[in-house]
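# Summary of the model geometry
For reference, the chains in residue letters:
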Amino acid sequence: MEHIKTWPDIMSGKKILYVHGFASSGQSGTVALLRTVLPSATVIAPDLPIHPSEAMQLLHRTCETEQPDLIIGSSMGGMMAEMLYGYDRILVNPAFQMGDTMGSHGMIGKLTFLNPRQDGVQEMVITKAIVKEYRDLTAQCFSQNSGTVYGLFGDNDPLVHTRDLFLEHYGNAVSFHGEHRLIDSVVLHSLIPVVRWIDDKQTKRQREVVYIDFDTLHDSRMMAAPSMLKAVRALIDTYDVYFVADAPANRPDRYAAVSEWLYEYVNVPAYNRIIFTNQRHLLYGDYYISAAPPSATLATTVTYGSDTFKTWEEVITFFRRLQGD
């Protein structure tokens with residue numbers, strides 16, 4: 001397991017309601033990880049009843065009592081979280097077709113819970129009648145549209161494929177490199193950046209802006225430059241980071257190529273943060289990282305490839321020193 005970093009400034013003093021997936025519980029590894037990496041937040045994670053109507057009643061009572069600042073739901077929990085209207089939500093691989101998913105993936109009969117539950121129950125029996133209850137519940141999804149809602153979708157998810165359905169109702173569909181389960185690396189590098197965006201919006205936090213020229217991210221073979229991703233991950237902890245590329249008038253394929261490269265190598269932190277322009281001097285920000293910074297800019301320039309900043313490691317050191325590290 002990779003080194004676990006913590007973010008005490010994210011969701012500080014706020015409440016997060018986590019809605020677990022099918023056959024899981026509030027004692028899952030994801031809940032434990034969220035409590036570790038967001039130590040200043042309170043993570044509430046009730047064990048959900050098997051019957052979906054009872055689960056929704058519990059969730060509505062919990063929302064009324066706790067008034068969470070953010071709701072995160074995974075799989076079945078993502079489907080249920082969608083219906084908790086009026087709250088900011090992140091839906092991870094939401095199972096909007098839960099009844100069909102249960103029928104096609106053998107979730108019927110006597111099953112064992114994946115995580116311990118507070119009531120000590122270890123097994124459950126899923127009948128066709130319960131499957132119908134889930135199918136009936138999913139028909140109630142998308143009855144409203146309120147709050148900030150992000151959908152996170154694993155690009156190798158073998159179980160649930162509801163991104164297109166999500167996009168029929170919401171705009172922020174973010175694909176991440178991963179499967180269905182919320183493994184540690186997905187939480188750290190895909191979920192936490194989105195939590196940060198929502199927290200910044202809620203608190204009206206204005207971060208300093210760093211622009212990174214696309215050509216500094218890769219070598220001549222379009223392979224990621226050494227420590228590039230490490231630098232991006234370090235920068236987004238403190239700054240609003242945007243990626244800047246040329247906007248050639250006669251090369252529409254260039255837009256797709258840049259977007260696809262950033263999706264492949266940077267992934268979630270690049271979502272909705274790509275700027276195509278031939279007028280870089282007009283960009284207003286605090287820092288500009290480029291091999292050839294514009295001559296007229298209000299930003300502090302960091303000339304990548306120069307004697308001072310030959311590598312991304314040296315760029316990382318520069319920004320760490322700015323933060324007093």
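Before reading on, note that the structure itself is shown above.
Residues numbered from 1 in each chain as written. Predicted model: local features only at pLDDT ≥ 70, side-chain atom pairs only at ≥ 80, totals over all residues. Heavy atoms only, no water.

A few words on the sheet that holds strand 9 (residues 209-213). One open sheet holds the five strands; their spatial order is 11-10-9-12-13, and the pairing between them is parallel. Every interior strand has two partners, whereas the edge strands, strand 11 (274-276) and strand 13 (300-303), have only one. Going across the sheet, the axis of each strand differs from the next one's by a mean of 25°, ignoring polarity. Note that strand 12 (residues 287-290) and strand 13 share four bridges and pair parallel. Directly across from Tyr288, in strand 13, lies its bridge partner Thr301. Strands in contact with helix 9 (residues 252-265) are strand 10 (240-245) and strand 11; relative to strand 11, the strand with the most contacts, it is inclined by about 160°. (Pairing = 2+ DSSP bridges. Helix = DSSP H or I, 4+ residues; strand = E, 2+ residues; numbered from the N terminus. Axes fitted to C-alpha atoms, helices over the stretch in contact; angles between N-to-C directions. Contact = heavy atoms within 4.5 Å.)

Across a regular strand the side chains alternate sides, sitting on one face of the sheet and then on the other. The buried count for strand 1 (residues 15-19) comes to four of five residues, which makes it a mostly enclosed element. Handedness of the β-α-β unit built from strand 1, helix 1 (residues 29-37) and strand 2 (residues 42-44) comes out right-handed. Taken together, the four bridges between strand 1 and strand 3 (residues 70-74) define a ladder with parallel strand orientation. Residue Ile16 lies in a different strand from strand 3, and its bridge partner there is Leu70. (Buried < 20%, exposed > 50% of the residue type's maximum accessible area, 1.4 Å probe, protein only. Right-handed = clockwise from strand over helix to strand, strands pointing away.)

One finds Phe22, Met79, Met80, Met98, Ile126 and Tyr134 to be the most contacted residues of the largest nonpolar core, which totals 43 residues. For this core, the secondary structure elements donating two or more residues are strand 1, helix 2 (52-66), helix 3 (76-82), helix 4 (98-104), strand 6 (123-126), helix 5 (128-138) and strand 7 (149-154). Once you skip the residues sitting within four places of it in the chain, Phe22 turns out to touch Met76, Met98, Met102, Met107, Leu111, Leu114, Met124, Ile126 and Tyr134. Counting 32 residues, the second-largest nonpolar core is a separate cluster that includes Leu34, Ala41, Ile90 and Trp197. (Core = buried A, V, L, I, M, F, W, Y, C linked by side-chain atoms within 4.5 Å.)

Okay, the pattern of salt bridges next. The final tally for this structure, using the stated rule, is 17 salt bridges. Across the pair Asp136 and Lys132 runs a salt bridge, and its minimum N-O distance is 2.9 Å. Of this pair, Asp136 and Lys132 both sit in helix 5, four residues apart, which is roughly one turn of that helix. When its relative accessible area of 47% is taken as the criterion, Lys132 is described as partly exposed. One salt bridge in this structure joins Asp199 and Arg205, with 3.3 Å as the shortest N-O distance. Given a relative accessible area of 30%, Arg205 falls into the partly exposed group. Connected through salt bridges with shared partners, the residues Lys14, Asp199, Asp200, Arg205 and Arg207 form a single ionic network. (Salt bridge = Lys/Arg side-chain N within 4 Å of Asp/Glu carboxyl O.)

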